[in-house]
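A closer look at the structure
If you want the building blocks of each chain, they are given just below.
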Amino acid sequence: MDKVLWAQEEVLIGTLLIVEETGAQWAQDELARMHRYVTETYPLRARGRPSPVWMYAGDRAMTMASFDRMPPRLENYHHPRHLMLNLLVFDRILERR
């Protein structure tokens, strides 16, 4: 029953694609809400640790104790995928304007 960063990043990818294609206000609102949640919850710096690493998973409350018990690893697929796909969407949006 872990909460994982990759699932939240898929929401960011999907909602930005919907914004790109339709401009739907609900998608813009959800994108902003999820972005705020992800940036407040997952970066270790947001939790007072001097690290560029993000939590890749934790218990349902995303406690540091649960993350500290997880195997040490870096998210090497979903985090960069989310960043690159959304940068490409922003590039396309800017090109059309």
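Residues numbered from 1 in each chain as written. Predicted model: local features only at pLDDT ≥ 70, side-chain atom pairs only at ≥ 80, totals over all residues. Heavy atoms only, no water.

For the rest of this paragraph, the subject is helix α2 (residues 25–41). Taking 1.5 Å as the rise per residue, α2 with 17 residues should run 24 Å; its terminal C-alpha atoms sit 24 Å apart, in good agreement. Turning to α2, its buried residues number three or more, namely A27, L31, M34, V38 and T41. Projection of α2 onto a plane perpendicular to its axis shows the buried side chains occupying an angular sector of 120°, all on one side. Where the residues of α2 are buried, they touch α1 (5–22). (Helix = DSSP H or I, 4+ residues; strand = E, 2+ residues; numbered from the N terminus. Expected span 1.5 Å × (residues − 1). Buried < 20%, exposed > 50% of the residue type's maximum accessible area, 1.4 Å probe, protein only. Arc of directions from axis to C-beta. Contact = heavy atoms within 4.5 Å.)

Across soluble globular proteins, nonpolar side chains show a tendency to be buried alongside one another. Of all hydrophobic cores here, the largest spans 20 residues; its most connected members are V38, Y42, M55 and F67. The set of elements that each furnish at least two residues to this core consists of α1, α2, α3 (64–68) and α4 (78–96). (Core = buried A, V, L, I, M, F, W, Y, C linked by side-chain atoms within 4.5 Å.)

Attention shifts here to the packing of aromatic side chains. Counting across every chain of the model gives 2 aromatic pairs. Note that R73 overlies the ring of Y56, its terminal NZ or CZ placed 4.6 Å from the centroid. (Phe/Tyr/Trp six-rings, centres within 6.5 Å; stacked < 30°, edge-to-face > 60°. Lys NZ or Arg CZ within 6 Å of the ring centre and 35° of its normal.)

The subject of this paragraph is α4. The α-helix winds at 3.6 residues per turn, so residues separated by three or four positions along the chain end up facing the same way. Relative to the 27 Å expected for 19 residues at 1.5 Å per residue, α4 spans 27 Å between its end C-alpha atoms, a close match to the ideal helical length. Among the residues of α4, H79, H82, N86, V89 and I93 are the ones counted as buried. Down the axis of α4, the sector holding all buried residues measures 100°, keeping them to one side. Where α4 is buried, its residues contact α1.

Limitation: the analysis is restricted to geometry and does not speak to function.
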